[in-house]
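These are the residues of each chain, in order.
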Amino acid sequence: MKIASIIPEHVKIDRNQLIKAKQLKLVQTGAGYDNVDIDACTQLGIWAANAAGVNARAVAEHVMAFILSYYKNIPLLDGFMKNKTDQKQLEYAGSELEGKTIGIIGFGAIGKKVAGLCKAFDMNVLVYTRNTSVQSYENVQITDFDNLVSTSDIVTVHSAFNQQTQNLIDKEVFGKMKNTALFINIENGEKPESRLNQL
């Protein structure tokens, strides 16, 4: 097998495959490394690179779509119009985003894009990050994990997937959230449930 580089798309690249590719020098991934055995790459002298932030804007806009859909009752109203439901049976209450607090877990390229979009709606932005180099950021408040989940109206997860963040959210964490909180888990790995532990 003579391959100088490989770009996997939703394909698991493990040690067995890497060993067979005798000429392989580089594995180029998308935004993350979830589908590549990085330890094996290191041991075999194969470079691994990603395209960090490549889809950040698209993912951030997807988060906003969920938020607006939830607070503006878009699925309910869409169904009402399509099914021609009697207006007397329609009960809903919309809500404005101004003044709402969003808690962003993880503050890489996606988290920063989400923060910027939320500030455009005059929302309060809380951020929890393990990156100690992020001491402050324009118009956001860096806080601890417990304060973020307990005070946010919206909690969205955008941290890198690793041993520290695996099973990050469990029943105890949900118990700390507001009863009305919206939780958004737009996972960039191959297992969207990987951050949710025993739910």
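See above for the structure.
Source: prediction; values computed, not measured. (Residues numbered from 1 in each chain as written. Predicted model: local features only at pLDDT ≥ 70, side-chain atom pairs only at ≥ 80, totals over all residues. Heavy atoms only, no water.)

K.L.:
Can you walk me through the packing of helix H3 (residues 56-71) against helix H5 (residues 109-120) in this structure?
P.N.:
When two helices pack together, you describe them by how their axes are tilted relative to each other and by the distance separating the axes. Packing of H3 against H5 brings their axes to within 8 Å, and their N-to-C directions diverge by 50°. Comparing the axis directions of H3 and H5 gives the class oblique. Here H3 and H5 pass one another in a crossing that is right-handed. Listed contacts from H5 to Ala56, Arg57, Val59, Ala60, Glu61, Val63 and Met64 of H3 are Ala109, Ile110, Lys113, Val114, Leu117 and Cys118. Considering only residue class, the contact of H3 with H5 consists of 10 nonpolar, no polar and three charged. (Axes fitted to C-alpha atoms, helices over the stretch in contact; angles between N-to-C directions. Helix = DSSP H or I, 4+ residues; strand = E, 2+ residues; numbered from the N terminus. Parallel < 35°, antiparallel > 145°, perpendicular 65-115°, else oblique. Left-handed = near helix turned anticlockwise from the far one by under 90°. Contact = heavy atoms within 4.5 Å. Nonpolar A, V, L, I, M, F, W, Y, C, P; charged D, E, K, R; others polar.)

K.L.:
Looking at this structure, I do not really get the sheet that holds strand E6 (residues 141-142). What am I missing?
P.N.:
Note: strands within a sheet are paired through backbone hydrogen bonds, in either parallel or antiparallel orientation. Taken in spatial order, the five strands of this open sheet run E6-E5-E4-E7-E9, and their pairing is parallel. Because the sheet does not close on itself, it has two edges, and the strands there are E6 and strand E9 (182-184). Contacts from H3 reach strand E4 (101-105), strand E7 (154-157) and E9, with the element oriented near 155° to E9. Docked against the sheet, H5 engages E4, strand E5 (124-128) and E7, running at close to 170° with respect to E4. (Pairing = 2+ DSSP bridges.)

K.L.:
Got a minute to help me understand the nonpolar core in this structure?
P.N.:
One recurring pattern in soluble globular proteins: nonpolar side chains tend to sit buried together. Counting residues in each nonpolar core, the largest one holds 23 residues, and the members touching the most others are Ile67, Ile102, Ile104, Val114, Cys118, Val125 and Ile154. Broken down by element, the residue count for this core peaks at seven residues, all from H3. If we skip the residues at most four places from it in the chain, Cys118 touches Met64, Ile102, Met123 and Val125. (Core = buried A, V, L, I, M, F, W, Y, C linked by side-chain atoms within 4.5 Å. Buried < 20%, exposed > 50% of the residue type's maximum accessible area, 1.4 Å probe, protein only.)

K.L.:
Where do I start with the side chain of Thr101 in this structure?
P.N.:
Looking at the secondary structure, you find Thr101 in strand E4. On the accessibility criterion, Thr101 (13% relative accessible area) is buried. Residues within four places of Thr101 in sequence aside, it is in contact with Asn124, Leu126, Thr151, Ser152, Asp153 and Ile154.

K.L.:
Hey, could you run me through H5 in this one?
P.N.:
Residue pairs spaced three or four apart in an α-helix point in one direction, given the helix's 3.6 residues per turn. For H5, built from 12 residues, the straight-helix expectation of 16 Å at 1.5 Å per residue is met to within 8% by its first-to-last C-alpha distance of 17 Å. The first or second residue beyond H5 is Asp122, which carries a positive phi of 60°. (Expected span 1.5 Å × (residues − 1).)

Read these as geometric descriptors, not functional statements.
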